[in-house]
Amino acid sequence: MATSAPPRLIRAIAARCLAPADREFLLGDLDEGFAARAAASGAPIARRWYRRQVALAVWHGLGRRRPVPAGARPSQRSLDMSHWWRDIRLGVRTLRRTPVYTAVAVLTLALAIGANTVLFGIANPLLIRALPIKDEQTLGWLLLDNANDPNVRGTASVPQFLEWRARTVTLQQLAARESHGATLTGHGDAEHVTVMGVTANLCELWGLHSVLGRLIGPGDDLPGAAPVVLLSHHYWLNTFQGDRSVIGKTYFLDSHAVTVAGVMEPELETYGYSQVDVWAPERLDPTASRSAHALRIMGRLAPGATFASATAEFKALVAESARLHPDTDAGWTARIVDTHTAMTSPETWILMGLLAIVVGFVLLIACANLANLVLARIVARRSDLAVRQGLGASRVELIRPLIVESLLVSLAGGVLALGFASAVLRIINATSFDALLQRVDIDTNVLLFTAALSILTPLLFSLWPALGVGGESVADVLRQSRTSGGRSTERRRNILVGVQVSLALCLLVMSGLILKTVVNVQRLDPGFDLSHELTFRIEPPADRYADDSARTALAMRLVDRLAATPGISAATIVTHLPVFDGDVLVTFEGTPHDGTRPSERPVASSYAISPAFFTTMGMHMIAGRAFADTDLGTSEPVAIVSRLTAEKYFDKVPVAVGRVITLPGPDARRVRIVGVVSDTHSSQVTNTVPQIYFPITQRPVSAVSVVIRADRPGDRATDAREVMREVDSNVAISMPKTFERLVDENTGDNWIVGGMFLGFAILALTLAGGGLYGVIAYSVGLRQREIGVRLALGAAPFTVGRLIFVQSLRVTAIGVAIGLGLAWLLAHAAGSVLYGVGPNDPGTFGGVTALVFVVSVTAVFGPVMRAMRVDPAVTLRSE
Amino acid sequence: MGRDSLQPFELQVLLAALRLGDEAYSVPIVLELEKLAERTVSQAAVFITLQRLESRGLLTSRLDDRTAESGRIRRYVRLTPEAKRLLRETRDLQTRLWRGVDRLLDRSRS
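Residues numbered from 1 in each chain as written. Chains lettered and ligands numbered in written order. Predicted model: local features only at pLDDT ≥ 70, side-chain atom pairs only at ≥ 80, totals over all residues. Heavy atoms only, no water.

Draft legend 1. Here's a closer look at the overall build of chain A. Looking only at helices and strands, chain A has 28 helices and 22 strands in total. Sequence-distant contacts in chain A: of pairs separated by 6 or more residues, those separated by 24 or more amount to 80%. With an accessible surface of roughly 39,300 Å², chain A has 60% of that area assigned to carbon and sulfur atoms. (Helix = DSSP H or I, 4+ residues; strand = E, 2+ residues; numbered from the N terminus. Contact = heavy atoms within 4.5 Å. Areas by Shrake-Rupley, 256 points an atom, 1.4 Å probe, with all protein chains shown as cover.)

Draft legend 2. The pattern of salt bridges, seen in detail. Following the criterion strictly, the structure yields 28 salt bridges over all chains and no others. A salt bridge links Glu 533 of chain A to Arg 709 of chain A, with the shortest nitrogen-to-oxygen separation between them at 2.9 Å. Of this pair, Glu 533 of chain A sits in strand β12 (residues 533–538) while Arg 709 of chain A sits in strand β21 (residues 704–710), and the two are 176 residues apart along the sequence. Judged by its relative accessible area of 0%, Glu 533 of chain A is buried. The shortest N-O distance in the salt bridge between Arg 19 of chain B and Glu 32 of chain B comes to 3.9 Å. (Salt bridge = Lys/Arg side-chain N within 4 Å of Asp/Glu carboxyl O. Buried < 20%, exposed > 50% of the residue type's maximum accessible area, 1.4 Å probe, protein only.)

Draft legend 3. Region of the structure containing the interface of chain B and chain A. The partner chain A presents 19 residues to the 19 residues of chain B that form the contact. Of the roughly 1,700 Å² buried at the junction of chain B and chain A (both faces included), carbon and sulfur atoms supply 55%. Interface area lost by chain B to chain A is led by Phe 47, Gln 51 and Arg 75 of chain B, which between them contribute 34%. In this structure, the connection of chain B to chain A is made through 2 salt bridges. Of the charged contacts in the structure, one is a salt bridge between Glu 34 of chain B and Arg 37 of chain A, with a shortest N-O distance of 3.0 Å. If you look at where chain B meets chain A, you find 8 residue pairs in polar contact (both at pLDDT 80 or more). Elements that contribute at least two residues to the side of chain B that touches chain A include exactly α2 (26–37), α3 (43–55) and β2 (74–79) of chain B. Ranked by residue count, the leading element in the side of chain B that touches chain A is α3 of chain B, at 6 residues. (Buried area = accessible area lost by both parts, 1.4 Å probe. Polar contact = N/O pair within 3.5 Å; in protein donor to acceptor, adjacent residues only side chain to side chain.)

Draft legend 4. Representation of the confidence of the model for chain B. All names here are of chain B. The pLDDT averaged across chain B works out to 85; a share of 88% of its residues lies at or above 70. Taken element by element, the predicted model of chain B shows its lowest mean pLDDT in helix α5 (residues 101–109) (74) and its highest in helix α1 (residues 8–20) (93). Scoring the predicted complex yields pTM 0.63 and, for the interface, ipTM 0.86. (pLDDT = per-residue confidence, 0-100.)

Draft legend 5. Expanded view of the environment of Leu 111 of chain A. Residue and element names in this part refer to chain A. Assignment of secondary structure puts Leu 111 in helix α6 (residues 99–127). Residue classification places Leu 111 among the partly exposed residues on the basis of a relative accessible area of 27%. Leu 111 sits 656 residues away from Leu 767 along the chain, and the two C-alpha atoms are 9.8 Å apart. Sequence-distant contacts of Leu 111, that is, excluding residues within four places in its chain, are made with Phe 420 and Leu 763.

Draft legend 6. Structural context of the side chain of Thr 80 of chain B. All names here are of chain B. Looking at the element boundaries, Thr 80 is found in the loop between β2 and α4 (81–98). The buried category is assigned to Thr 80, whose relative accessible area is 11%. If near-sequence neighbours (up to four positions away) are discounted, Thr 80 is found in contact with Gly 57, Leu 58, Leu 59 and Thr 60.

Draft legend 7. Seen up close, the packing of α2 of chain B against α3 of chain B. Residues and elements named next belong to chain B. For the pair α2 and α3, the least separation of the axes is 10 Å and the interaxial angle reads 115°. The handedness of the crossing between α2 and α3 is right-handed. Side by side, α2 and α3 meet where Ser 26, Val 27, Ile 29, Val 30 and Leu 33 of the first sit next to Gln 43, Val 46, Phe 47 and Leu 50 of the second. (Axes fitted to C-alpha atoms, helices over the stretch in contact; angles between N-to-C directions. Left-handed = near helix turned anticlockwise from the far one by under 90°.)

Draft legend 8. Broad picture of empty space enclosed by the protein. Counted by the stated rule, this structure contains 4 cavities of 30 Å³ or more. Its boundaries defined by the atoms lining it, the largest cavity holds a volume of some 120 Å³. Contributing to the lining of the largest cavity are 12 residues, with Phe 25 of chain A together with Phe 47, Leu 50, Gln 51 and Arg 75 of chain B lying nearest its centre. Residue assignment for the lining of the largest cavity shows that the elements contributing at least two residues are α2 (20–41) of chain A together with α3 and β2 of chain B. It is α3 of chain B that provides the largest number of residues to the lining of the largest cavity, a total of 4 residues. When the residues that make up the lining of the largest cavity are grouped by side-chain class, the tally is 6 nonpolar, 2 polar and 4 charged. Considering only enclosed or pocket space, the second largest cavity measures out at about 70 Å³ in volume. For the second largest cavity, the full set of lining residues is Val 501, Ala 504, Leu 765, Ala 768, Gly 769, Leu 772, Val 852, Val 855 and Ser 856 of chain A. For the lining of the second largest cavity, the elements supplying multiple residues, two or more each, are α18 (486–523), α24 (739–782) and α27 (842–868) of chain A. With 4 residues, the top contributor of residues to the lining of the second largest cavity is α24 of chain A. (1 Å grid on protein atoms, 1.4 Å probe; cavity = no way out; pocket = protein on both sides within 12 Å on 5 of 7 lines; lining within 4 Å. Points joined across faces, edges and corners; volume = space filled by probe spheres on them. Nonpolar A, V, L, I, M, F, W, Y, C, P; charged D, E, K, R; others polar.)

Draft legend 9. Fine view of the environment of Ser 569 of chain A. Residue and element names in this part refer to chain A. Summarising the element assignment, Ser 569 is placed in strand β13 (residues 568–574). Take Ser 569: its relative accessible area is 56%, and that puts it in the exposed class. Sequence spacing of Ser 569 and His 532 is 37 residues, and the spatial spacing of their C-alpha atoms is 9.8 Å. Contacts of Ser 569, omitting those with residues within four sequence positions, involve Arg 709 and Ala 710.

Draft legend 10. Just the nonpolar core, in detail. All names here are of chain A. Counting residues in each nonpolar core, the largest one holds 92 residues, and the members touching the most others are Ile 122, Leu 354, Val 362, Met 756, Phe 760, Ile 787 and Val 852. Sequence-distant contacts of Ile 787, that is, excluding residues within four places in its chain, are made with Val 780, Val 800, Ile 804, Ala 867 and Val 870. With 26 residues, the next largest nonpolar core counts Trp 141, Ala 261, Val 337 and Ala 342 among its residues. (Core = buried A, V, L, I, M, F, W, Y, C linked by side-chain atoms within 4.5 Å.)

Draft legend 11. Representation of a nonpolar patch on the surface within the structure. All names here are of chain A. Where nonpolar side chains cluster on the molecular surface, the patch consists of Leu 456, Leu 459, Leu 463 and Leu 467 and spans about 350 Å² of accessible area. On the secondary structure map, Leu 463 appears in helix α16 (residues 444–467). Of the residues examined, Leu 463 reaches a relative accessible area of 34% and is grouped as partly exposed. (Patch = residues over 30% accessible without salt bridge, like charges linked within 9 Å, V, L, I, M, F, W, Y side chains within 5 Å.)

Draft legend 12. Representation of α27 of chain A. All names here are of chain A. Here α27 contains 27 residues, and its C-alpha end-to-end distance of 37 Å stays within 8% of the 39 Å for a straight helix at 1.5 Å per residue. Along α27, the helix axis deviates most sharply at Phe 861, where the bend reaches about 35°; the proline Pro 863 sits within four residues downstream. Within α27, burial applies to Thr 844, Phe 845, Val 848, Thr 849, Val 852, Ser 856, Ala 859, Val 860, Pro 863, Val 864 and Ala 867. (Expected span 1.5 Å × (residues − 1). Bend = angle between axes of the 7 residues up to and from the residue.)

Draft legend 13. Examining the packing of aromatic side chains more closely. Tallying each qualifying case throughout the model produces 15 aromatic pairs over all chains. An angle of 40° between the planes, with centres 6.0 Å apart, marks the rings of Phe 613 of chain A and Tyr 693 of chain A as tilted. Of this pair, Phe 613 of chain A sits in helix α20 (residues 613–617) while Tyr 693 of chain A is found in strand β20 (residues 691–695), placing the two residues 80 residues apart along the sequence. There is no split in this pair, since Phe 613 of chain A and Tyr 693 of chain A are both buried. Between Tyr 25 of chain B and Tyr 76 of chain B, the aromatic rings sit 5.3 Å apart at their centres with planes inclined by 75°, giving edge-to-face as the arrangement. Residue Tyr 25 of chain B is located in the loop between α1 and α2, and its partner Tyr 76 of chain B is located in strand β2; the two are separated by 51 residues in the primary sequence. A residue is classified by how much of its surface remains accessible, and Tyr 76 of chain B, at 4% relative accessible area, is buried. What links up through ring pairs into an aromatic cluster is the set Tyr 607, Phe 613, Phe 614 and Tyr 693 of chain A. (Phe/Tyr/Trp six-rings, centres within 6.5 Å; stacked < 30°, edge-to-face > 60°.)

And the structure:
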């Protein structure tokens, strides 16, 4: 027991907080008390006792009470911690005496700071911890932008990568990655996996770690090297049950034997990387086609190089490639960007920016509200403050207790805000389909952000009102102590209410526009049926099916069997799905709108389909015929175009049928248009582009999507797997999903965004309405005498009510006018994220203005009624 | 509470300090009070009370570093004549108040 000593940290805190003069003997006495208790009752009880004594001693400012020595400079006095202690204790006592104010203030701040915390929690992974990459800030990513369409981002071909790697001086260790599907066999059923092919230097460039075995390293990509793969952490856990003996085992990836060399770290499973099952070294073939663009390129900025200099260099490299290979490399421009930019789209930034404005406004409204409350408290304490000023208190000494009080409220609000934010983030986690949103949580960054906000906010809402303190003469203050607190205070109050109303209106308009967009996107008719379809992909392995014709034939056999299965009304294959997958564009000639230059050629999004496609998808023929089983590889090449294609390039639907178009290329194939079909939306979801369909028998491919039509499509997944096993058990199918599920995955997160906008806007309106009510009620309370005099002199109660009403609504009207202007500016800035609603949408602007007025009238109603009921006799007597 | 009256805890601390004589500082005062009152006494409360009593002129204190073997300074307290007068007055008042009450108190218990 003799060895036990008081808790060191607690003792250090005590040593810091106690006055130097008394520190030594107080600490000594506490130590001695601790030793006596440790000997009598044991160290744990003694430690508990010690902690309690130190807390009490510090709380009571012990040792700080001795009189300040005469001659000490005032600055030393005001810096002395004991003043702060006294102010904190005073603040706690004052706040406890006014529980309603405290509760309202803490709750207001909790919601406002909470809203900001939620947004920061979401932005945190985007802004701060994008990827677990070593020295992220010096990693440059090559973005290839399409010269015609800013929404399209390009990838590079293998020959481009090899050329640029040899020539670049601004980026070192140039690495690349590309993802593709493959079939893994040798471990249970054949399984479709997503493979991330990476150059051998990528793991080292990114500074990755393996949880088991080794990483992909130099030499793994050379011809003749033993083929290895790494398993992703989730795939290792789910498919191999975290079996550590998997290292060194051999499986088959697209029928090539590969050895498992390691398991990748779980930290990497974010963004698209969460979908990756297998990591494999990418063998770069210099003779690969230049038109096969698949590589994403990144490298370390060379010493002295910047993103700007690297961009300039790559612009030149890309321009030279385009000059040398105009057929395959033209039409792109290069940028070198940091990891954050590379991982997110411009729309994400616009939305995040808008949300940041929204939560910033919510915080400002809350601050304006609280500033009004603080102003009211200052007015209530005016005489007290004036007397203290008269007795010689400096302005700092008058303001400090107010600031400390606000800080206490704000810190309590911050703690509550964390709870609120954590609940909201958990809901977002649980409901989101987005890998990024599924990862949001409260970490150290978020905690620091909330703490900083809680400390800075009080400066915002208490400094401005507090600055008015001590500015007037003591005599003036004492004389007018029973009035509203002077004209300047009243002006401050009105400005604050006007600001709240304008910000709230602006937020409501933005939220209205965003919500309309979300609803429009959700209601969007993609041009085909969504409620009866189930889809999955198959990719027959190359070793069993020699060419694309054989693979397509297998897929046709599969859909024939599926279509004959009870419960399935139709089945079809298609190269890729409209809306859900990307677009594959083809150009053609032979229309009245061919143009004179290659860039003006008609262009359409192309699909290769089996005959049952249109019936399975619920699309309908408008003219001509659908494909038939007689449209084979050996018969006349045919095509079906969409209504938009027919109208845009042939002027009228009937004109298109029977026309022969030419698809440029080495073989310049001539194709006859045999029909016109209804439109579907493109991969941009919100628009329709010209489309053209070919029979898959005439354009076979290596991998296809299968679509099944059934009354209960979700129940047909097992049938799909069974039929595939019967047709060929070595071919894997991807996870079957209904179209409705795909829609949810694609647009579900819109609801989260829309919901956040709506939630924040309602919060803003409630705060602004509450603020308006508070100010008017308070002002009516202070003007009781004036109202009493007016009534006593013969004014009708209705006239008095109207006076208050008009004065209040004038403030609202000014706020509304400013808010409308602000909203108009913001809506135009955010025009690119809106869909189906214009930035000037009169419905939204009008509706929101009406709503704000209704809320204002409701807020003002109570105080106005109270003013009309003032009894002049009672009021004047109490004066 | 008037200038000349003592709160219960102040009274207890003064009495404990009086008993301890020259050896009165916070630690033995706490132990003394715990022994007599048969309950835990907060050392911080004793610190605060000692400071208050000193500021009221009921105690004087001196820093003593004679206890160099323990390597630290102690602040010993001593009652002022004013404190002793106040204690006597308190005792006399209480004695008067208690006179004849014991019998009533015991009877009401039975």
